[in-house]
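Residues per chain, in single letters:
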Amino acid sequence: MFRLDGKTALISGASRGLGWGMAKALAKQGAHVFLNGRDAASLEPRALELVSDGFLATAIAFDVSQPEDIQRAVDQIVSANGSLDILIANAGIQHRSPIVDFSEDQFRRVMDTNLIGVWLLAKEASKHMIQAHSGRIIFTGSITAHLGRATISAYIASKGGVHALARQLAVELGDKGITTNVISPGYFSTEMNEHLIADKDFNEWVCSRVPVRRWGNPDEIGAAAVFLASDESAYINGHVLTMDGGFSISM
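Just so we're clear, the structure is a prediction, and the values are computed from it rather than from any experiment.

Draft legend 1. Fine view of the overall build of the protein chain. When you go through the protein chain residue by residue, the secondary structure sums to eight helices and seven strands. Taken over the C-alpha atoms alone, the protein chain extends approximately 50 × 40 × 35 Å along its principal axes. Buried positions account for 50% of the 251 residues belonging to the protein chain. For the protein chain, the proportion of contacts with a sequence separation of at least 24, taken over those separated by at least 6, is 72%. Roughly 11,600 Å² of accessible area belongs to the protein chain as shown, and the carbon and sulfur atoms make up 53% of that amount.

In structure tokens:
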């Protein structure tokens, strides 16, 4: 079960963190994974690592906030492999500032990557998936789509939009053989959170607040991505799979 042999997958933000964890998992299940990020120099070693282990992987650098780059990349993948079966729109950025000091440019920058980039990826991928009458679209959301936290207004707004977009696409694309779902992580030990982990007080707060008493490991998200990308998840559509160790249900 859950094999992905013969499937082609595009994972954005795949050079590190959650994206890398999901890319590894899909590759190990037989998918040809296309690793996306803005920096080719950081993607190539990741692709080489997977290929060296006997898996199928290709680095494909582009900026998810640029429509022309996305269209060109998706067309390139389909031209090379014949299809794009799985999209994991994972790339995201963060900016922390009290709202009174949050510049409009910074807000738009976060939204351009975290929400508009997700929409653009889904738009281009769905064109080919509709023709094939088959596809899996997976978004990386966040528990902040439902929970507030100071200083990250743009991030929270963008992730709330991602969750809403997934519901809408699940309805629009469901009868075309395409499912759209969200993986909603809590606190994971990624590069984006290194400074938080290094903060002794914050680290202790997370570990005391999460019922399983630890941060998530990026590799743990891979199994969830594999399941939602597989044929076995065909009747799961518009779902938000929360992965937070119980953080969001604990008082």
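We are not done yet, so read on.
Draft legend 2. Seen up close, unusual backbone geometry. A positive phi angle, near 65 degrees, is found at Phe-2, a position not held by glycine. The phi dihedral of Arg-213 is positive, around 65 degrees, even though this residue is not glycine. Mapped onto the elements, Arg-213 comes out in the loop between helix 7 (200-209) and helix 8 (221-229).

Draft legend 3. Seen up close, the pattern of salt bridges. Taken as a whole and judged by the stated rule, the model has nine salt bridges. Residue Asp-231 is joined to Lys-7 by a salt bridge in which the shortest nitrogen-to-oxygen separation is 3.6 Å. With Asp-231 in the loop between helix 8 and strand 7 (240-243) and Lys-7 in the segment before strand 1 (8-11), this pair connects stretches of sequence that are 224 residues apart.

Draft legend 4. Spatial organisation of the side chain of Asn-114. Tracing the backbone through its elements, the reader meets Asn-114 in helix 4 (residues 104-132). Judged by its relative accessible area of 0%, Asn-114 is buried. Here Ile-93 takes part through its backbone nitrogen, which lies 2.8 Å from a polar atom of the side chain of Asn-114. One polar contact links Asn-114 to Ser-158, side chain to side chain, over a distance of 3.3 Å. The residues touching Asn-114, leaving out its near neighbours within four places in the chain, are Ala-91, Gly-92, Ile-93, Tyr-155, Ser-158 and Val-162.

Draft legend 5. Quick peek at helix 3 (residues 67-81). End to end, helix 3 covers 21 Å across 15 residues, agreeing with the expected 21 Å (1.5 Å per residue, within 8%). Every buried residue of helix 3 is listed here: Ile-70, Ala-73, Val-74, Ile-77 and Val-78. Down the axis, helix 3 shows its buried residues gathered within 130 degrees of arc, on one side only. Exposed positions of helix 3 whose direction lies more than 90 degrees from the buried face are Glu-68, Arg-72, Ser-79 and Ala-80. The inward-facing, buried residues of helix 3 abut strand 1, strand 2 (32-37), strand 3 (56-61) and helix 4. Phi turns positive, to about 90 degrees, at Gly-82, one or two residues after helix 3.

Draft legend 6. Representation of the packing of aromatic side chains. According to the stated counting rule, one finds nine aromatic pairs in the structure shown. Between Phe-102 and Phe-107 the ring centres are 6.3 Å apart and the planes differ by 75 degrees, which places this aromatic pair in the edge-to-face class. Overall, the relative accessible area of 12% leaves Phe-102 in the buried class. The exposure class of Phe-107 is partly exposed, given its relative accessible area of 30%. Considering the side-chain rings of Tyr-187 and Phe-247, the 5.4 Å spacing of their centres and the 70 degrees angle between planes classify their relative orientation as edge-to-face. Residue Tyr-187 is located in the loop between strand 6 (178-185) and helix 6 (194-198), and its partner Phe-247 is located in the segment after strand 7; the two are separated by 60 residues in the primary sequence. Look at Tyr-187 and you get buried, because its relative accessible area is 17%. For Arg-209, the ring lying beneath its charged end belongs to Phe-247, and the centroid distance is 4.2 Å.

Draft legend 7. Fine view of the nonpolar core. The biggest cluster of nonpolar side chains holds 31 residues, and the ones touching the most others in it are Leu-10, Phe-62, Leu-87, Leu-121 and Phe-139. Here the element with the most residues in this core is helix 4; it accounts for eight residues. Each residue touching Leu-10, except ones within four places of it in the same chain, is listed here: Phe-34, Asn-36, Ile-60, Phe-62, Val-74, Ile-77, Leu-84, Ile-86, Leu-87, Ile-88 and Leu-121. Counting 30 residues, the second largest nonpolar core, distinct from the first, contains Leu-18, Ala-47, Phe-188 and Ala-225.

Here is what the cut-offs are and how they apply
- Residues numbered from 1 in each chain as written.
- Predicted model: local features only at pLDDT ≥ 70, side-chain atom pairs only at ≥ 80, totals over all residues.
- Heavy atoms only, no water.
- Helix = DSSP H or I, 4+ residues; strand = E, 2+ residues; numbered from the N terminus.
- Buried < 20%, exposed > 50% of the residue type's maximum accessible area, 1.4 Å probe, protein only.
- Contact = heavy atoms within 4.5 Å.
- Areas by Shrake-Rupley, 256 points an atom, 1.4 Å probe, with all protein chains shown as cover.
- Salt bridge = Lys/Arg side-chain N within 4 Å of Asp/Glu carboxyl O.
- Polar contact = N/O pair within 3.5 Å; in protein donor to acceptor, adjacent residues only side chain to side chain.
- Expected span 1.5 Å × (residues − 1).
- Arc of directions from axis to C-beta.
- Phe/Tyr/Trp six-rings, centres within 6.5 Å; stacked < 30°, edge-to-face > 60°.
- Lys NZ or Arg CZ within 6 Å of the ring centre and 35° of its normal.
- Core = buried A, V, L, I, M, F, W, Y, C linked by side-chain atoms within 4.5 Å.

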